[in-house]
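Architecture at a glance
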Amino acid sequence: MSVIRVTDKPANVRQKSLRTGETAWFWEVPSKDRKAGCKLENCALGTDTAKAWQKGAELNKALAAFRQGRAPEFLPASIGTFDWLCEQYRKHHRYKALNPKSRDQVEIAMARLGKFPVPGAEPLGKWPLELIDTEVVDIVYDTLRSSGLTRQANYAIDTARTMWKRIGRKQKRLVPALNPFEGLEMGYKKKETTPATWDELLAFVDAAEEMGWPQMAFAALVCWELLQRPENVFNDLLWSHWRPAERPDQVWVEHGKNDASDWAYLEDTDPETGDLTIFYPELDRLARVIADVTRPQGPMMVTRPVVRGNQKPENAKAWGPMPDRFRQKLTRDIAKAAGLGPHVTMTSFRHGGMTELADGELPDTLMQALSRHKQRQTLDHYVHRTGVQKLKAARLRLASRQDRART
């Protein structure tokens, strides 16, 4: 064990007694350097004296670089702080496996908590983990909620809980066993998605084609038939995925969220009769329609015309991807034209397709084979209770009762 001597304490490091009786260490920028424009910030170093002094020495090196007119090297977050926890999570395989959209959301959540302004103290990111308790978390959450960020606050708390849990398994000495983000009663409940019906899907498809948007009709059918997430339909579905030469009877369905992408069958041939069954004839028809217009212009299946000035869409010579806001507004415009309610979205078509599988009494294993959900319980989020299911259940119940009566 190394010996810690008082004479080893770095300059600019001071101590403070906590209510718990422990001694916490802090590093402060000298006033003359701050007035001279030093951008380094005061920070908490934690209660571990050896680690605190080591970090203080690193900060002094950065300060020396400033005084010499050199740019200080990148300084990692203080070991054992919330910012450090975020840094460690970025190195974790679960973070690296996130798709770009989910990763962006996690980064926003990290920044929202890390930069949270604690009155009379440093931002939460600078705090040592041992000082972040349930009382602190409650204050942070209530403050975010009161500012109208209930949903974002829930996501931030969920993210922090996950980080604490994942890194805590690897860094038991630095991450307290008690996870202060665990067990928080959150006030926002995610609104359940209303699934679209088959008739609503057909009405949307017809309206989309009438408005000159067969790409949107195709996208809606893909969400329903292939159960692909809208973001993957609009951003990842390529012509090379659709009936490639090596797999002319299949399509590659990208599922970036859970890394469960796989090939899906579009047709089947009866081995005895030789009869061909096309599973999704309307999907095939629309694929041919949009291919006639857009396929030579790029690799993506679902695109929009790129126009300049007063050029009309039908005269466009280039096609590009649909930004999220553009396709969301277009979806709403098409739904309104079809006389459909605000619940009709691309996501509602995917939920409708999943619910159709339940109406058809497919076993969970077969539903997962089509939807590519890895966890059985995830089906509960997508399969909605319908009158069809209730009638079938009532009939089976009656049949069972009658069978018992006969015996």
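Below, the structure is looked at part by part.

About the thresholds
- Residues numbered from 1 in each chain as written.
- Predicted model: local features only at pLDDT ≥ 70, side-chain atom pairs only at ≥ 80, totals over all residues.
- Heavy atoms only, no water.
- Helix = DSSP H or I, 4+ residues; strand = E, 2+ residues; numbered from the N terminus.
- Rg over C-alpha atoms; globule rule 2.2 N^0.38 Å.
- Buried < 20%, exposed > 50% of the residue type's maximum accessible area, 1.4 Å probe, protein only.
- Contact = heavy atoms within 4.5 Å.
- Areas by Shrake-Rupley, 256 points an atom, 1.4 Å probe, with all protein chains shown as cover.
- Lys, Arg positive; Asp, Glu negative; His and termini not counted.
- Charge placed at Lys NZ, Arg CZ, Asp CG, Glu CD.
- Core = buried A, V, L, I, M, F, W, Y, C linked by side-chain atoms within 4.5 Å.
- Axes fitted to C-alpha atoms, helices over the stretch in contact; angles between N-to-C directions.
- Parallel < 35°, antiparallel > 145°, perpendicular 65-115°, else oblique.
- Left-handed = near helix turned anticlockwise from the far one by under 90°.
- Salt bridge = Lys/Arg side-chain N within 4 Å of Asp/Glu carboxyl O.
- Polar contact = N/O pair within 3.5 Å; in protein donor to acceptor, adjacent residues only side chain to side chain.
- Phe/Tyr/Trp six-rings, centres within 6.5 Å; stacked < 30°, edge-to-face > 60°.
- Lys NZ or Arg CZ within 6 Å of the ring centre and 35° of its normal.
- Nonpolar A, V, L, I, M, F, W, Y, C, P; charged D, E, K, R; others polar.
- Expected span 1.5 Å × (residues − 1).
- Patch = residues over 30% accessible without salt bridge, like charges linked within 9 Å, V, L, I, M, F, W, Y side chains within 5 Å.
- Pairing = 2+ DSSP bridges.

This paragraph deals with the overall build of the chain. Looking only at helices and strands, one finds 16 helices and 9 strands in the chain. The C-alpha atoms of the chain give a radius of gyration of 29 Å, which is well past the 22 Å a tight globule of 407 residues would have. Over its C-alpha atoms, taken along the principal directions, the chain stretches across nearly 90 × 75 × 45 Å. Counting across all 407 residues of the chain, residues that qualify as buried make up 41%. The long-range share in the chain, meaning contacts at least 24 apart out of those at least 6 apart in sequence, stands at 57%. Just so you have it, the chain exposes about 24,000 Å², and 52% of that area is on carbon and sulfur atoms. Side chains of the chain give 63 positive and 52 negative charges; the mean places of these two sets differ by 7 Å.

If you look at the biggest cluster of nonpolar residues, it comprises 41 residues, and the most contacted ones within it are Phe204, Met216, Phe218, Met346 and Phe349. When sequence neighbours within four positions are dropped, the list of residues in contact with Phe349 reads Ala196, Glu200, Leu201, Phe204, Ala220, Cys223, Trp224 and Val344. Of all hydrophobic cores here, the second largest spans 33 residues; its members include Leu85, Val106, Trp127 and Phe181.

Our focus in this paragraph is the packing of helix H8 (residues 198-210) against helix H13 (residues 346-359). Helix packing for two helices is described by the angle between their axes and how far apart those axes are. Here H8 crosses H13 at 140°, and the two axes come no closer than 10 Å. The orientation of H8 relative to H13 falls into the category oblique. The hand of the H8/H13 crossing is left-handed. Of H13, the residues touching H8 (which contributes Trp198, Glu200, Leu201 and Phe204) are Met346, Phe349 and Glu356.

Turning our eyes to something else, we now look at the pattern of salt bridges. All told, the structure shown has 17 salt bridges when counted by the stated rule. A salt bridge links Arg67 to Asp33, with the nearest nitrogen and oxygen atoms 2.7 Å apart. You can see Arg67 sitting in helix H2 (residues 49-67) and its partner Asp33 sitting in helix H1 (residues 31-35), a full 34 residues away along the chain. The class of Arg67 is partly exposed, set by a relative accessible area of 48%. Classification of Asp33 by relative accessible area gives buried; the value is 5%. For Asp364, the salt bridge goes to Arg376, with nearest N and O atoms at 2.3 Å. With Asp364 in helix H14 (residues 364-371) and Arg376 in the loop between H14 and helix H15 (379-382), this pair connects stretches of sequence that are 12 residues apart. Judged by its relative accessible area of 31%, Asp364 falls in the partly exposed class.

Attention now moves to the side chain of Gln250. Position of Gln250 relative to the elements: it lies in strand E4 (residues 250-253). In terms of polar contacts, Gln250 uses its side chain to reach the side chain of Arg247, at 3.1 Å. Reaching out from Gln250, the side chain makes a polar contact with the side chain of Asp249 at a distance of 3.4 Å. Ignoring sequence-local partners within four residues, the contact set of Gln250 consists of His241, Trp242, Arg243, Pro244, Trp263, Ala264, Tyr265 and Leu266.

This paragraph deals with the packing of aromatic side chains. The tally for this structure, following the rule as stated, stands at 10 aromatic pairs. Arranged with centres 5.4 Å apart and planes meeting at 80°, the rings of Trp25 and Trp53 form a pair that is edge-to-face. A residue pair is termed long-range when its members are at least 10 positions apart, and Trp25 in strand E2 (residues 23-27) and Trp53 in helix H2 qualify at 28 residues. The ring of Tyr95 has Arg103 sitting right over it, with the charged end atom 5.2 Å from the ring centre. The ring of Phe326 carries the charged tip of Arg304 above its face, separated from the ring centre by 4.5 Å.

Another point: the packing of H13 against H14. Interhelical geometry of H13 versus H14 gives an angle of 150° and a closest axis separation of 10 Å. Between H13 and H14, the angle falls in the class roughly antiparallel. Handedness of the crossing formed by H13 with H14: right-handed. Two secondary-structure elements touch here, H13 through Arg350, Met354, Leu357 and Ala358 and H14 through Met367, Leu370 and Ser371. Of the residues in the contact of H13 with H14, the class split is 5 nonpolar, 1 polar and 1 charged.

Attention now moves to helix H7 (residues 150-170). Between its first and last C-alpha atoms H7 spans 31 Å; for 21 residues at 1.5 Å apiece the expected length is 30 Å, and the two agree. Regarding H7, the residues found buried are Thr150, Ala153, Asn154, Ala156, Ile157, Thr159, Ala160, Arg161, Met163, Trp164, Ile167 and Gly168. On its buried face, H7 is in contact with helix H3 (82-90), helix H5 (100-114) and helix H6 (134-146).

The next thing to look at is a positive patch on the surface. A contiguous patch of positive charge on the surface is contributed by Arg94, Lys165, Arg169, Lys170 and Lys172. Here the positive patch takes 3 residues from H7, the largest share from any one element. Here Lys172 is to be found in the loop between H7 and H8.

Moving on, we get to the sheet that holds strand E3 (residues 43-46). Read from one edge to the other, the open sheet built from 3 strands follows the order E1-E2-E3, with strand pairing classed as antiparallel. The open sheet terminates on both sides in strands that have one partner only, identified here as strand E1 (13-17) and E3. Each strand of the sheet is rotated relative to its neighbour by a mean of 35°, with strand direction disregarded. This element, H2, spans E1, E2 and E3 of the sheet and lies at about 10° to E2.

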